[in-house]
Amino acid sequence: FSGTKAAMGASQFVSGQGAALNSFAQKAQHEAEAIQKNIQDDYLSGAGRENPWALFCDLKQNLGDGLGFVRDLRTLQKTQSKVLELKEKCDHIFIPDKNIFINDSYLMARALKDMVLLGQALMAASISRKESRGWHYRVDTPRRDDAQYMKITRVVYDEKRGPEVSYEDVGG
């Protein structure tokens, strides 16, 4: 609950700003704590079958293999499919230890969903960038394409559509 600590500090700061702001801050803090408690309860009461550590190892292995220095579209798409499978498995995590204090499996499960989302973003960006640049060589597109890709890659995650890739000019 690192966010909770920040909320508590913000609440203490706001408390000096008047009763109305203090009431608002306390309400926001209680709402945030309730959301986090629900997430925690969902993880700890889950009857899934997936081990978060095994999923983490699979994610690390697949991203390491798929996002290496030498890439091709087929391998990138295969890795993207594996990341999507892992995302589905994250909804079925089992945490045997129900203690929330010093529970590495619980902490891994919480972090794993974010890691999978980041993996999805990396895969989407890698697939959309059809060129070779720097250390990253695409066998299927071996040349650099400055006209199209001398840009900053931006990936925004949409809850319904998944990662959406766009490009911004380097200069602005």
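Residues numbered from 1 in each chain as written. Predicted model: local features only at pLDDT ≥ 70, side-chain atom pairs only at ≥ 80, totals over all residues. Heavy atoms only, no water.

**Student:** Would you mind going over the overall build of the protein chain with me for this structure?
**Tutor:** Looking only at helices and strands, the protein chain has six helices and four strands in total. For the protein chain, the sequential pattern of α-helices and β-strands runs α-α-α-β-α-α-β-α-β-β. Here the protein chain has a C-alpha radius of gyration of 21 Å; the compact-globule value for 172 residues is 16 Å, and the former is much larger. C-alpha extents for the protein chain along the principal axes are approximately 60 × 45 × 25 Å. (Helix = DSSP H or I, 4+ residues; strand = E, 2+ residues; numbered from the N terminus. Rg over C-alpha atoms; globule rule 2.2 N^0.38 Å.)

**Student:** Would you take a moment to explain unusual backbone geometry for this structure?
**Tutor:** If a residue is not glycine, its phi is most likely negative; likewise, a peptide bond is most likely trans. Within the chain, Ile102 stands out as a residue other than glycine whose phi angle is a positive 55 degrees. Tracing the backbone through its elements, the reader meets Ile102 in the loop between helix H4 (73-89) and helix H5 (104-128). Relative accessible area serves as the criterion here: at 80%, Ile102 is assigned to the exposed category. (Buried < 20%, exposed > 50% of the residue type's maximum accessible area, 1.4 Å probe, protein only.)

**Student:** Got a minute to help me understand a nonpolar patch on the surface in this structure?
**Tutor:** Together, Phe69, Val70, Trp135, Tyr137 and Val139 give the surface a local cluster of nonpolar side chains, amounting to about 600 Å² of exposed area. Within the secondary structure, Val139 sits in the loop between strand S2 (137-138) and helix H6 (146-149). A relative accessible area of 47% places Val139 in the partly exposed class. (Patch = residues over 30% accessible without salt bridge, like charges linked within 9 Å, V, L, I, M, F, W, Y side chains within 5 Å. Areas by Shrake-Rupley, 256 points an atom, 1.4 Å probe, with all protein chains shown as cover. Salt bridge = Lys/Arg side-chain N within 4 Å of Asp/Glu carboxyl O.)

**Student:** Just checking my understanding: could you explain the state of the cysteines for this structure?
**Tutor:** Structurally, a disulfide amounts to a covalent bond that connects the sulfur atoms of two cysteines. Taken as a whole and assessed by the stated rule, the structure comprises zero disulfides. Of all cysteine sulfurs in the structure, the one in Cys57 sits closest to Cys90, which takes part in no disulfide; the separation is 13 Å. Residue Cys90 is classed as buried on the basis of its relative accessible area of 5%. (Disulfide = S-S within 2.5 Å.)

**Student:** Looking at this model, I keep getting lost on the pairing of strand S4 (residues 162-169). Mind explaining?
**Tutor:** Note on strand geometry: in a regular strand, side chains alternate between the two faces of the sheet. Summarising the sheet, strand S3 (residues 151-158) and S4 pair through eight bridges and their orientation is antiparallel. Paired with Asp158 across the strands is Gly162, a residue of S4. Counting the residues between successive antiparallel strands, the hairpin from S3 to S4 contains three residues. (Pairing = 2+ DSSP bridges.)

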